[in-house]
Each structure stands twice: as structure tokens, then as C-alpha cells.
Amino acid sequence: MSSDSPPLDSLFSESDAPAAVIADVLIPLALDIAYSYKVPPGLVVEPGDVVHVPLAARETIGVVWETRKGASASNLKAVMSKADATPLSSTLREFVDWVARYTLAPRGLVLRMALRAPEIERNERIAMGVRLVGAPPARLTPARQRVLEILSDGLLRAKRDLCDEAGVSAAVIDGLIDEGTLLPEPMPQAPISPLPDPDFTTTIFSEAQSKAVGELLNSIRQEQSSTTLLEGVTGSGKTEVYFEAVAETLRKERQSLILMPEIALTGQFLDRFEKRFGVRPAEWHSGVSGRRREKIFSALASGEAKVIAGARSALFLPYADLGLIIVDEEHETAYKQEDGVHYHARDMAVVRGRLEIAPVILASATPSIESRVNAKAGRYTHVKLPERHGGRAMPDIATIDLRVDPPGKGRFLSPRLISEIRETIMRGEQTLLYLNRRGYAPLTLCRHCGHRFQCSNCTTWLVEHRFRRALMCHHCGHVERRPETCPSCSAEDSLAACGPGVERLQEEVAEQFPDARALVLSSDMPGGIERLRREIEAVAAGEFNIVIGTQLVAKGHHFPYLSLVGVVDADLGLTSGDPRAAERTFQMLGQVTGRAGRGHTAGRALLQSYDPDHPVIRALVSGDAERFYREETNQREAASMPPFGRLAALIISANDRQPAESYARALARAAEPPPGVMVLGPAEAPIAVIRGRHRFRILVKTDRAVPIQAYLKEWLARAPKATGNVRLGIDIDPQSFY
Ligand code: ADP
Ligand code: ZN
């Protein structure tokens with residue numbers, strides 16, 4: 001960086017110029033290095049300070065990463081000013097560096113997650129109030145008189161309220177301020193959330209629960225970093241148990257972060273928190289308004305807010321004194337961010353906990369193989385709750401062999417499942433039908449010519465959505481109307497829906513049970529999160545007979561009237577070719593069947609399958625999770641798959657196939673893998689085109705002892721650079737392989 005005109009201090013010779021202070025400033029853009037700026041005399045900056053700096057022809061915000069003395073700073077541009085924002089703590093800066101090193105993302109991009117750049121400065125107007133302080137003005141209009149009367153009690157009033165009450169415009173009040181009669185003052189901010197009370201209620205724990213609580217409290221009292229895997233079957237009281245860890249952290253006046261995979265949908269969780277602590281925790285997710293986010297941001301930085309329940313991005317907030325991190329449903333795939341910085345919030349939670357010296361609790365009924373292995377190896381403390389609370393039984397799980405008991409033609413519910421649903425309705429209990437497919441049908445084709453509806457931007461089939469009367473791509477969001485005639489052969493009434501989605505299942509349910517109240521719970525129904533929250537509450541209150549849902553119904557909800565879970569297609573997902581397919585299906589079906597029988601009636605789950613002898617299905621039916629984990633872990637170990645080996649994916653994409661492919665090949669040719677490293681591919685990605693971008697993948701697999709980041713850095717430094725519109729994305733520990 002060079003400055004345009006010689007700065008004043010260059011008039012002095014180097015030798016008698018005082019040593020200049022140089023600040024290395026990290027800028028929240030896709031930049032890995034911190035740029036050096038000189039600190040002008042009179043300005044004091046320290047590492048962590050948020051500053052305004054010039055960048056190219058613009059002014060931008062950045063964070064001082066380091067300051068140092070330099071002999072000459074005359075060729076550097078100067079820091080312009082300090083921003084009115086809370087400095088980043090040294091642990092948060094360390095965390096940013098750590099995440100960037102691990103994910104190979106540019107540090108600036110990671111910093112951006114910690115800054116929420118546009119919101120960091122208090123550019124949102126703080127409500128102003130006025131108070132009567134001076135003598136009445138010489139010119140007293142009726143409007144002014146009304147204002148003065150209202151303010152005669154000497155109290156502070158919000159300007160806007162005052163305008164309404166007195167029926168005057170803001171100009172009248174501004175005039176009185178100019179005359180010195182009224183004094184403007186910022187209105188006090190409402191507290192972000194009242195303090196949760198650790199002793200608001202006391203829970204009476206079972207023996208097993210007490211033991212678990214004891215172990216968690218122990219980890220908090222030790223004041224060391226530690227990770228605990230809290231593994232308990234669905235309904236065993238994991239939430240009640242980890243609430244005690246939150247309570248203990250509150251007593252120490254430190255902050256707790258509870259990470260949740262679907263925080264926007266967990267109204268029930270917030271209610272339970274309120275029952276235990278008297279107030280709701282602060283929430284952090286995409287549905288929280290900008291203004292509220294900003295309040296939370298500063299309340300956390302000042303230490304005023306003590307408990308936050310948030311989505312993965314809450315991991316990057318500026319806690320004043322973080323004393324506990326809980327990762328609820330730690331096995332959830334939603335914790336992996338798949339764009340921008342590719343990071344896994346569960347793994348990074350463990351890192352942040354270590355840096356903050358805060359214990360981390362990973363909770364799940366069906367933990368990830370990774371966490372299980374860490375627990376078995378003694379790296380994590382393993383706390384178990386093997387039984388449901390209150391003597392409730394685990395649901396009885398059985399299969400329906402679709403080869404023997406098939407549904408009718410064009411139908412998806414087998415006769416046996418239908419009769420079980422009927423009995424459940426007659427008992428006044430609820431049924432949940434689980435099918436992880438949104439929309440009406442995953443594929444539409446022409447019976448006449450065989451034409452299939454494909455997305456124009458992606459190599460995917462369009463999914464029919466009947467409620468919206470549209471065909472949609474679930475990868476790029478492309479929507480088109482479902483035509484009346486085949487676009488290829490012009491045949492009329494020839495389009496056929498292939499396979500079921502939840503909407504189609506609803507049709508079948510309505511046909512079979514015309515008097516039942518049925519509801520589809522899916523993330524893409526109109527009405528958004530607010531409607532979903534209300535519907536989930538209605539289900540919990542017992543208002544529906546049959547609930548048809550995608551994976552979002554599986555997540556931690558407590559439906560006391562639910563006694564039957566029907567898994568419409570238990571094989572879905574087992575055939576995906578994803579190395580974690582078995583684990584994922586086991587977790588997903590374990591969660592969804594775990595919704596049954598959490599109230600006063602026993603629960604039952606029926607898995608419809610064409611392959612009931614598949615190890616995953618057998619494990620679910622037998623309830624022998626240990627055996628499933630053992631076998632799956634052994635297989636991973638034999639194949640050196642994570643966590644016994646390391647994986648990274650390179651995703652090469654371009655607007656055309658040819659440049660993507662040739663760059664992918666050039667990269668692979670430069671790989672020169674050392675011992676312990678395997679480079680597989682390039683191969684065209686399973687979804688070859690997404691949003692018009694042609695995609696190739698290279699998979700890097702290494703022994704556990706190989707520092708995969710160092711190898712990738714060294715390789716990519718040697719390899720040719722991507723040019724034109726070719727992009728290279730790096731995904732360390734990839735979770736998806738499409
Ligand atoms: P999990 O998170 O393991 O699925 P929860 O914490 O949701 O389990 O507990 C399941 C149900 O049992 C909830 O309704 C919860 O309030 C209740 N519960 C669990 N433990 C207790 C306890 N010790 N006292 C009272 N209710 C409990
Ligand atoms: Zn598409």
C-alpha cells in the first residue's frame with residue numbers, strides 16, 4: 001500500500017524520527033493476511049480494536065490483530081479512527097485464527113462471522129427522549145404548551161411517544177430543544193433478557209440422572225477445559241440434566257451457550273427453559289431482527305446476557321466470559337456449514353471451549369461415530385442415561401416387509417400400517433408418518449414419451465409441489481409451472497408423478513381416513529417459521545390425529561400424545577453412496593422413532609422396508625445401538641475413514657464443463673501425494689451441475705497422523721491457479737458428497 005502524498009513525518013530523516021507504531025489490521029473480506037497501517041500520533045490502538053482503515057479507494061472496517069514498533073512507516077497508509085464497537089477479545093481472535101487454519105478459509109472470512117460487519121457499529125438509531133430542564137420559551141404556541149404540560153413532571157419521555165401524546169410534530173420538540181427548554185437524552189435500553197435464576201425451580205432427579213448431573217457439575221467446578229459426551233436415549237432427560245450445568249454456570253456468573261440445530265423451531269425448548277429458570281434465554285438465529293441481534297451482540301460482550309440459545313453462528317459471538325458450551329443433538333448435519341467458511345460447529349465448539357477454558361457438553365441420543373470414538377478413547381468424558389425418564393418404555397420397533405405386505409398400486413402405505421393407524425386413532429392417540437421428501441413427488445415424467453422434468457440450472461429432477469402448483473428444484477430454487485401438456489411430445493394428460501413426497505402422502509391419508517385431522521409439517525409450506533412453531537405447538541397439544549413430516553419433525557420435539565411412528569421409506573438414504581449413509585439413517589430413524597411414547601402411552605414404530613435385514617434396520621429393531629456402533633466403527637477403522645483417517649474434498653466448478661474438468665485434472669497432476677496420503681479423482685460430482693456451474697470433485701484421504709491442512713497448502717501453492725470463472729472450494733471433513 002502506498003500513499004498518494006508524502007506524509008508529514010517523512011520530512012524528518014529516518015534516524016531522528018521516533019519509531020512508528022504499526023498496526024496489522026485484518027479486514028473482514030476474503031483475505032488471509034492482515035494489512036499494515038501506521039497509527040497516527042494521538043491515536044492509541046490495541047490488538048482487538050475495531051478500526052476504520054482505507055482499503056484501495058474505500059474506507060472499511062477492520063480489527064487490529066497486532067501492533068508493533070517499526071522503524072519506518074512512511075510508505076504505509078494510516079489508521080483513520082477507532083470504531084465505536086466492542087474490541088475482540090484475544091481468545092476470540094485466537095479462535096478466528098484457529099478456525100481459519102483448520103478450514104483453510106481466508107482469515108478475513110472467518111473474522112466476518114465474528115464481526116457481522118454491517119451491524120457492528122451502532123448505526124441503528126437509538127431512541128431519543130427529552131426532559132424538561134429550562135424555562136419556557138418566549139413564544140408559547142398551543143402545541144408547545146401541550147408538550148410542556150406533559151413534561152411538567154420532569155420525567156424522561158421518548159420523543160416519538162411525546163409527539164403522539166401531545167399531537168405535535170417532531171419539529172415542535174426540536175424547536176424546544178433549540179431554545180434550551182428541553183434536553184435530549186438517549187432512552188435507557190430495555191435489558192436484553194432478564195437474568196435467568198438458577199434456583200427458580202428444583203428438579204427431582206432419578207438416580208441415573210443425579211449421577212449424570214454430578215459428573216457435569218464436576219466438570220464445571222474443575223474450571224478446566226473438558227468435553228463430555230452426554231449420551232442418553234430419547235426421553236431420558238438430557239435437557240433437564242444439562243440445565244443443571246447451565247444453572248451452575250449462572251451461579252458462577254459466567255455465560256452459557258446452548259447450540260441447537262433448528263433453534264428457530266424450538267419454541268418448546270424455550271418454554272422448558274423458562275419453566276426451569278423463570279425467563280427465556282436470548283435467541284440467536286437467522287430469524288432474529290438486525291436490531292435485536294445488535295443488542296444481543298453488545299449484551300454478550302458486556303457480560304450482561306448470561307445464556308444464549310443459538311444456531312451454529314452463535315459460536316462466533318463476542319462472549320465476555322464464556323463458561324459453558326452445550327451442543328444439543330451433536331450428531332446433526334445442520335452443524336456443518338456448507339458455504340463460505342466450511343466449518344463444523346460441533347468440532348469448533350470444542351475448540352472454542354478449550355480456548356475459553358469452558359467445559360463443552362455434547363448431547364445426543366445417537367451420537368456421531370466421531371464423538372463416540374473420542375469418548376471410548378478417553379478424550380471425552382462419557383456420561384450415559386440408558387433409560388427413559390419416569391419408567392417410560394422405549395418404543396417398540398418392528399418392520400413391515402414391503403415385499404410381503406406391499407401398498408396398493410400408486411399407494412405408499414401398506415395395509416398393515418393403515419390398520420395400525422386406524423387403531424391409534426380409535427384410541428385417541430397420534431400417529432406420525434415420516435418421509436424425508438418435501439413436495440408431492442420427487443420426479444414427474446410423461447407416460448407417453450418418457451420426458452422427465454429436469455432443472456434448467458442443475459442436473460436434478462424437478463420436485464412437484466401441488467400446493468404451490470409448481471415444479472421446483474431443491475438445489476437452486478428454480479420454480480416453473482407444471483404444464484398441462486408434455487413440453488416434449490405435446491401429449492395431453494400424460495404427466496405422471498413418480499414416487500411420494502409428504503404432500504402426496506397427505507392425499508393418501510385423506511383418502512384412507514377422511515375424518516381424521518391430518519397435518520403436513522414441512523419447512524417449505526407457506527407461512528414460514530412462525531406458522532411452523534404454532535403447528536408444532538398444536539401437535540404437542542394433541543390437536544391432530546396424523547402428522548406427516550420431513551426430517552424437521554424428528555428434531556427433539558416432545559409430543560405427549562404421539563404413540564405410533566410410521567416410517568414410510570426406511571430404505572431412503574441407505575442407498576445414497578455417502579460414506580456416512582448408515583450412520584445418518586440410524587441417527588435419523590433413531591430420532592424419529594424416539595418421538596413415540598414420550599407421554600403416558602407406550603410407543604410403537606413401524607419401519608416400511610424392502611430390505612428389513614439391512615444392518616441399520618436390524619439395529620433399530622433390536623435396539624442394540626452398541627452393536628451398531630461397534631460394527632460401524634470397525635468398518636470405518638478398516639477403511640481408514642474418519643475419525644480413523646482424515647478427509648478433505650476439493651470442489652472445482654466453472655460455467656462450462658471443459659475448463660472445470662481440465663483445471664481439476666491439472667490440480668490432481670500436481671498433487672504428488674506423500675506416503676499416507678491418497679488423492680482420488682477428479683470425478684464429475686454426483687450432481688454434475690448446480691446453479692449452472694459444472695462441478696468436479698477430488699477427494700483427499702490421509703492417515704490420521706498426517707496434517708492434512710499442511711499438505712493441502714503445500715500442494716495448492718505448487719499447483720496452477722484457477723483462472724477465469726473456475727473456482728476451487730475446499731471442504732475439510734466433508735459431510736456431504738453430492
Ligand atoms: P431428552 O432430551 O433426553 O429427549 P428430555 O429432557 O426432553 O429428554 O426429557 C423427556 C421428558 O421427561 C420431558 O418432558 C422432561 O420434562 C421429563 N423429565 C425428564 N427428567 C425429568 C425429571 N427429573 N423430573 C421431571 N421431569 C423430567
Ligand atoms: Zn436447479
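On a predicted model such as this, the values are computed, not experimentally measured, just so you know. (Residues numbered from 1 in each chain as written. Chains lettered and ligands numbered in written order. Predicted model: local features only at pLDDT ≥ 70, side-chain atom pairs only at ≥ 80, totals over all residues. Heavy atoms only, no water.)

Visitor: For the overall build of the protein chain, give the residues involved together with the corresponding values.
Guide: Across its full length, the protein chain holds 20 helices and 30 strands. In terms of overall size, the protein chain behaves like a compact globule, its C-alpha atoms giving a radius of gyration of 30 Å where 738 residues would be expected to give roughly 27 Å. Dimensions of the protein chain along its principal axes, counting C-alpha atoms only, are 90 × 70 × 65 Å. In the structure as shown, the protein chain presents an accessible area of about 32900 Å², 52% of it carried by carbon and sulfur atoms. Distance between charge centroids for the protein chain: 2 Å, based on 90 positive and 92 negative side chains. (Helix = DSSP H or I, 4+ residues; strand = E, 2+ residues; numbered from the N terminus. Rg over C-alpha atoms; globule rule 2.2 N^0.38 Å. Areas by Shrake-Rupley, 256 points an atom, 1.4 Å probe, with all protein chains shown as cover. Lys, Arg positive; Asp, Glu negative; His and termini not counted. Charge placed at Lys NZ, Arg CZ, Asp CG, Glu CD.)

Visitor: With reference to specific residues and values, describe the site of ligand 1.
Guide: The full set close to ligand 1 counts 16 residues, and Ile204, Gly235, Lys238, Glu240 and Arg272 are the nearest of them. Between ligand 1 and the protein, one listed contact pairs an oxygen atom with a backbone N or O atom of glycine 237 at 3.0 Å. At a separation of 3.4 Å, a nitrogen atom of ligand 1 approaches a polar side-chain atom of histidine 389. Protein chains shield 79% of the accessible area of ligand 1, which is 550 Å² for the free molecule. Sort the elements by how many residues they give to the shell around ligand 1 and helix H8 (residues 238-251) lands first, with three residues. (Near = heavy atom within 4 Å. Polar contact = N/O pair within 3.5 Å; in protein donor to acceptor, adjacent residues only side chain to side chain.)

Visitor: Give me the coordination of the zinc ion (ligand 2): which residues, what numbers.
Guide: Tetrahedral coordination by four donors puts the ideal angle at the metal at 109.5 degrees, and octahedral coordination by six puts it at 90 or 180 degrees. At this site the zinc ion (ligand 2) is bound by Cys455 (SG), Cys458 (SG), Cys473 (SG) and Cys476 (SG), with donor distances of 2.3 Å. Classification of the site at the zinc ion (ligand 2) rests on its four donor atoms, whose angles at the metal span 104 to 116 degrees, yielding the label tetrahedral. Read in sequence order, the donor residues for the zinc ion (ligand 2) give the motif C-x2-C-x14-C-x2-C. What makes cysteine 473 buried here is its relative accessible area of 2%. (Donors = N, O, S within 2.8 Å, 3.2 Å for Na, K, Ca; no water. Tetrahedral: all angles 85-135°; square planar, octahedral: opposite > 155°, others 65-115°. Buried < 20%, exposed > 50% of the residue type's maximum accessible area, 1.4 Å probe, protein only.)

Visitor: Outline the sheet that holds strand S6 (residues 128-132), supporting the account with residue identities and numerical values.
Guide: Spatially, three strands are ordered S7-S6-S8 in an open sheet, and the strand pairing comes out antiparallel. Every other strand in the sheet has two partners, leaving strand S7 (157-158) and strand S8 (182-186) as the edge strands with one partner each. As judged from the two bridges shared by S6 and S7, these two strands associate in the antiparallel manner. Along S7, the bridge assignment pairs valine 130 with arginine 157. Strands S6 and S8 of the sheet are contacted by helix H6 (residues 170-178), whose axis makes an angle of about 110 degrees with S8. (Pairing = 2+ DSSP bridges. Contact = heavy atoms within 4.5 Å. Axes fitted to C-alpha atoms, helices over the stretch in contact; angles between N-to-C directions.)

Visitor: Tell me what's going on with the packing of H8 against helix H9 (residues 267-277), and back it up with residues and numbers.
Guide: Remark: H8 packs on H9, axes separated minimally by 11 Å, with the N-to-C direction vectors making an angle of 55 degrees. Between H8 and H9, the crossing angle belongs to the class labelled oblique. H8 and H9 meet at a crossing whose hand is right-handed. Of H9, the residues touching H8 (which contributes Thr239, Glu240, Tyr242, Phe243, Glu244, Val246, Ala247, Leu250 and Arg251) are Phe269, Arg272, Phe273, Arg276 and Phe277. (Parallel < 35°, antiparallel > 145°, perpendicular 65-115°, else oblique. Left-handed = near helix turned anticlockwise from the far one by under 90°.)

Visitor: Describe the pairing of strand S23 (residues 518-521), naming the residues involved and giving the relevant values.
Guide: Where S23 lies against strand S24 (residues 546-549), four bridges are found, and the strand directions are parallel. Bridge pairing links alanine 518 to isoleucine 546 in S24. The parallel pair S23 and S24 is bridged by helix H15 (residues 528-540), and the resulting crossover is right-handed. (Right-handed = clockwise from strand over helix to strand, strands pointing away.)

Visitor: Before we move on, could you go through the side chain of lysine 238 and cite the residues and values that matter?
Guide: Relative to the assigned elements, lysine 238 resides in helix H8. A polar contact of 2.8 Å, which involves the side chain of lysine 238, links it to the backbone oxygen of glycine 232. Not counting chain neighbours up to four residues away, the residues in contact with lysine 238 comprise Leu230, Gly232, Val233, Ser364, Ala365 and Leu385.

Visitor: Any chance you could break down the sheet that holds strand S19 (residues 463-465) for me, citing the residues and the numbers?
Guide: Pairing is antiparallel in the open sheet, where three strands are placed in the order S19-S20-S21. Strand pairing shows two members of the sheet lacking a second neighbour, S19 and strand S21 (479-481), which therefore form its edges. When strand polarity is set aside, the average angle formed by the axes of neighbouring strands in this sheet is 30 degrees. Across three bridges, the pairing between strand S20 (residues 470-472) and S21 is antiparallel. Directly across from leucine 471, in S21, lies its bridge partner glutamate 480.

Visitor: Lay out helix H12 (residues 369-376) in plain terms, naming residues and giving numbers.
Guide: Counting buried residues in H12 gives seven out of eight residues, a clear majority hidden from the surface. Taken as a whole, H12 has its buried residues at Ile369, Glu370, Ser371, Arg372, Val373, Asn374 and Ala375. Elements that come into contact with the buried residues of H12 comprise strand S9 (227-232), helix H11 (345-356), strand S14 (360-364), strand S15 (381-385), helix H16 (581-593) and helix H18 (625-638). Trailing H12 by a residue or two, glycine 378 shows a phi angle of about 85 degrees, which is positive.

Visitor: I'd like to hear about helix H4 (residues 142-150), residue by residue, with values.
Guide: Spacing of three or four residues puts side chains on the same side of an α-helix, whose turn is 3.6 residues. Every buried residue belonging to H4 is among Ala143, Arg144, Val147, Leu148 and Ile150, and all of these are buried. The arc that holds every buried residue of H4, seen down its axis, measures 165 degrees, which confines them to one face. Projecting away from the buried face of H4 at angles above 90 degrees are the exposed residues Pro142 and Glu149. Packed against the buried residues of H4 are S6, S7, helix H5 (159-166), H6 and S8. (Arc of directions from axis to C-beta.)

Visitor: Explain the packing of aromatic side chains to me, and be specific about the residues and the numbers.
Guide: Remark: the centre distance and the inter-plane angle together describe each pair of aromatic rings, the angle taken between the planes. For the coordinates displayed, the defined rule picks out 13 aromatic pairs. Plain terms: the ring middles of tyrosine 711 and tryptophan 715 are 5.6 Å apart, the flat faces sit at 35 degrees to each other, and that makes the pair tilted. Separated by four residues within a single helix, tyrosine 711 and tryptophan 715 lie in helix H20 (residues 708-718), roughly one turn from each other. Members of the aromatic cluster, connected to one another through ring pairs, are Tyr242, Phe243, Phe269, Phe273 and Phe277. Above the plane of the ring of tryptophan 284 lies arginine 293, whose end atom (NZ or CZ) is 4.6 Å from the centre. When the ring centre of tyrosine 629 is taken as reference, the NZ or CZ atom of arginine 372 above it lies at 4.2 Å. (Phe/Tyr/Trp six-rings, centres within 6.5 Å; stacked < 30°, edge-to-face > 60°. Lys NZ or Arg CZ within 6 Å of the ring centre and 35° of its normal.)

Visitor: I'd love a proper account of the pattern of salt bridges, names of residues and values included.
Guide: Using the criterion set out here, one finds 43 salt bridges in the structure. A salt bridge links glutamate 420 to arginine 604; the nearest nitrogen and oxygen atoms lie 3.3 Å apart. Pair noted here: glutamate 420 is in helix H13 (residues 415-426) and arginine 604 is in strand S26 (residues 604-609), with a separation of 184 residues, a long-range link. Note on glutamate 420: relative accessible area 16%, which makes it buried. The residue arginine 718 makes a salt bridge to glutamate 714 at a minimum N-O spacing of 2.8 Å. Of the two residues, arginine 718 and glutamate 714 both sit in helix H20, four residues apart, roughly one turn of that helix. On the basis of relative accessibility, which here comes to 40%, the residue glutamate 714 falls in the partly exposed class. Connected through shared salt-bridge partners, Asp199, Arg221, Glu248 and Arg251 make up one network. (Salt bridge = Lys/Arg side-chain N within 4 Å of Asp/Glu carboxyl O.)

Visitor: Which residues make up the pairing of S6, and what are the values?
Guide: Pairing geometry for S6 and S8, over five bridges, is antiparallel. If you follow methionine 128 over to S8, its bridge partner there is proline 186.

Visitor: Please provide a residue-by-residue account of the packing of helix H7 (residues 207-221) against H8, values included.
Guide: Running from amino to carboxyl end, H7 crosses H8 at an angle of 30 degrees, the nearest separation of the two axes being 9 Å. Classed by the angle they form, the pair H7 and H8 counts as roughly parallel. Judged by the sense of rotation from one axis to the other, the crossing of H7 with H8 is right-handed. Contacts from Gln209, Ala212, Val213, Leu216, Leu217, Ile220 and Arg221 in H7 reach Val241, Tyr242, Glu244, Ala245, Glu248 and Thr249 in H8. Here the residues of the contact of H7 with H8 are counted per class, giving eight nonpolar, two polar and three charged. (Nonpolar A, V, L, I, M, F, W, Y, C, P; charged D, E, K, R; others polar.)

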